[in-house]
Amino acid sequence: MKKYSKLMIAAIIALIFIGTFVFLWQKSQPKEIVYNEFTPKVENIQKTTIITGKIEPRNEVNVKPQISGIITHLYKEPGQYVQQGEVIAKVKVIPDMGQLSSAEMRVRLADINLKQAETDFQREENLYQQKLVSADEYDKVRLALSQAKQEKAAAVDALQVVRDGVSKSNASASSTLIRSTISGVILDVPVKVGNSVILSNTFNDGTTIASVANMNDLIFRGNIDETEVGQLVSGMPMKITIGALQDLKFDAALEYVSPKAVESNGANQFEIKAAVRLSEGGKIRSGYSANAEIVLASAEKALSIPESAIEFSGDSTFVYVVKGSGKEKTYERKQVTTGLSDGVNIEIKKGLTVKDIVRGPEKLAEEGQ
């Protein structure tokens, strides 16, 4: 038994040794290098770029109050459509005490002047009837009375405006009613009933009551790198894809390229704007993230091969043309003139025909299998 055990162990060791030797010998043998091969094709090549940005209305207006006060009523909500001049909210005036005091003082003075003018007119009228004064003197006193009445009415209107925000004489143009300045969709109403609001002045932009925009006139706004901006021309067509609406694509036309670059993440970029052409029934919301695909250059019916088959050497480009077949296959290095590239395929302007076969990169082991 011991003798058989020793023989078995010796046989196993021999097999392991022989197997290792065979494996190493096979690994050390040179493998045949197999290359991908391509036939030039005639096709259209386009160089495109993708620009990220967002969709927004061309004309978005912030509606602000003409007086300071407190919101008492909100008549509209975001998403509703409003016509120009339609009332959005109502404001209750909180008068400034200094202005209110001045307006009250003006009314009292106007009242005193009016009473004195009425007294003077009565006297002058009695004298005129007795033919003791001339018609010219009488007309002057009557004019003074008329002016005093107008001053009293203006003072009362001014007091009502300061105190209530509206007077009886201009109730239809009340500044307490906040009206939309354009026709469009209400995008946002950032205030609530009870909020204090202030009018726009030199030191403050004022409180925004609502944001209104025409959602039928949209633009795409994005940034393009400085290496590509030189190829843009006003009117170039673009394809807009919205991230939230993958099934919808819209056409757009480039209409603006900023003359000044802005730095973003260490790179200079230029702002662009494009007019979006909405399809019928397409409902787009303001602020959607979007991508714009724009064709920077194109070559129609160009002879092309995969760019991976090109060998770049300085300012020259070469390919390896397949000669023969089987074991007699050889590769001839040939200079070619290249043109437009889309990142995958490249245009061959000179040096190849559709009958040639071009050597590509070496096949990987997985490809060979």
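Residues numbered from 1 in each chain as written. Predicted model: local features only at pLDDT ≥ 70, side-chain atom pairs only at ≥ 80, totals over all residues. Heavy atoms only, no water.

Turning to the overall build of the protein chain, a few remarks are in order. For the protein chain, the helix and strand inventory stands at 5 helices and 20 strands. The proportion of buried residues among the 369 residues of the protein chain is 31%. (Helix = DSSP H or I, 4+ residues; strand = E, 2+ residues; numbered from the N terminus. Buried < 20%, exposed > 50% of the residue type's maximum accessible area, 1.4 Å probe, protein only.)

Evaluation of the coordinates by the stated rule reveals 14 salt bridges. Between Lys76 and Glu86 there is a salt bridge, with the nearest N and O atoms lying 2.6 Å from each other. Of the two residues, Lys76 sits in the loop between β4 (69–74) and β5 (81–82) while Glu86 sits in the loop between β5 and β6 (87–93), which places them 10 residues apart along the sequence. For Lys76, a relative accessible area of 18% corresponds to the buried category. A salt bridge links Asp111 to Lys152; its shortest N-O distance comes to 3.1 Å. Of this pair, Asp111 sits in helix α2 (residues 97–129) while Lys152 sits in helix α3 (residues 135–164), and the two are 41 residues apart along the sequence. One network of salt bridges, in which partners are shared, links Glu56, Arg221 and Glu271. (Salt bridge = Lys/Arg side-chain N within 4 Å of Asp/Glu carboxyl O.)

What follows covers unusual backbone geometry. Its identity is not glycine, yet Asn265 carries a phi of approximately 55°, on the positive side. If you trace the backbone, Asn265 turns up in the loop between β13 (245–264) and β14 (267–277). According to the relative accessible area criterion, Asn265 is exposed, its value standing at 83%. The phi torsion at Lys301 lies on the positive side, around 50°, for a residue other than glycine. By the element assignment, Lys301 lies in strand β15 (residues 289–306). The class for Lys301 is exposed, based on a relative accessible area of 70%.

Before going further, it helps to spend a moment on the sheet that holds strand β3 (residues 60–63). Across the sheet, which stays open at both edges, the 4 strands sit in the order β3-β10-β8-β5 with antiparallel pairing between neighbours. On the outer flanks of this sheet lie β3 and β5, each paired with one strand and no other. Pairing between β5 and strand β8 (residues 184–188): 2 bridges, direction antiparallel. Residue Val82 lies in a different strand from β8, and its bridge partner there is Gly184. (Pairing = 2+ DSSP bridges.)

With that out of the way, let us pick up the packing of aromatic side chains. Per the stated rule, a full pass over the model turns up 1 aromatic pair. Considering the side-chain rings of Phe121 and Tyr138, the 5.8 Å spacing of their centres and the 35° angle between planes classify their relative orientation as tilted. Here Phe121 is found in helix α2, whereas its partner Tyr138 is found in helix α3, with 17 residues between them in sequence. (Phe/Tyr/Trp six-rings, centres within 6.5 Å; stacked < 30°, edge-to-face > 60°.)

Moving on to the pairing of β8. Taken residue by residue, a regular strand's side chains alternate between the two faces of the sheet. Of the pairings in the sheet, the one linking β8 to strand β10 (residues 210–213) comprises 3 bridges and is antiparallel in character. Residue Val185 lies in a different strand from β10, and its bridge partner there is Ala213.

It is worth spelling out the sheet that holds β4 at this point. Strands in a sheet are paired, the pairing made by backbone hydrogen bonds, and the direction either parallel or antiparallel. With respect to topology, 4 strands assemble into an open sheet ordered β7-β6-β4-β9, the strand pairing being antiparallel. Edge strands, defined here as strands with exactly one partner in the open sheet, are β7 (177–179) and β9 (196–197). Alignment of β6 against β7, held across 3 bridges, turns out to be antiparallel. Note on β7: the bridge partner recorded for Lys90 is Leu177.

For the rest of this paragraph, the subject is the nonpolar core. With 26 residues, the main nonpolar core has Ile51, Ile55, Phe220, Leu232, Met238, Ile240 and Ile272 as its most contacted residues. Those elements that place two or more of their residues in this core are β2 (41–57), β11 (218–225), β12 (237–242), β13, β14 and β15. Residues contacting Ile55, with those up to four places away along its chain left out, are Leu218, Ile219, Phe220, Ile240, Ile242, Val276, Ile284, Arg285, Ser286, Gly287, Tyr288 and Ala290. Listed in part, the 18 residues of the second largest apolar core include Val61, Ile178, Val197 and Val212. (Core = buried A, V, L, I, M, F, W, Y, C linked by side-chain atoms within 4.5 Å. Contact = heavy atoms within 4.5 Å.)

Turning to the confidence of the model for the protein chain, a few remarks are in order. Overall, the predicted model of the protein chain reaches an average pLDDT of 82, with 86% of residues at or above 70. Per-element confidence in the protein chain ranges from a low mean pLDDT of 48 for helix α5 (residues 365–368) to a high of 94 for β10. (pLDDT = per-residue confidence, 0-100.)

By volume, the largest pocket amounts to about 300 Å³. Val185, Met215, Lys283, Ile284 and Arg285 are the residues nearest the centre of the largest pocket, which is lined by 13 residues in total. Here the residues of the lining of the largest pocket are counted per class, giving 7 nonpolar, 4 polar and 2 charged. (1 Å grid on protein atoms, 1.4 Å probe; cavity = no way out; pocket = protein on both sides within 12 Å on 5 of 7 lines; lining within 4 Å. Points joined across faces, edges and corners; volume = space filled by probe spheres on them. Nonpolar A, V, L, I, M, F, W, Y, C, P; charged D, E, K, R; others polar.)

Turning our attention to the environment of Ile357. For Ile357, the position within the fold is in the loop between β19 (345–350) and β20 (358–362). Each residue touching Ile357, except ones within four places of it in the same chain, is listed here: Glu37, Phe38, Thr39, Tyr320, Val321 and Val322.

In this structure, β11 lies alongside β14, joined through 7 bridges in antiparallel fashion. Across the sheet, the residue bridging to Asp225 is Gln269, located in β14. Two strands pair when backbone bridges link them, and β13 and β14 are joined in this way by 10 bridges, in the antiparallel orientation. Within the sheet, the bridge partner assigned to Val257 lies in β14 and is Ile272. Counted between consecutive antiparallel strands, the loop separating β13 from β14 contains 2 residues, among which Asn265 sits at a positive phi close to 55°.

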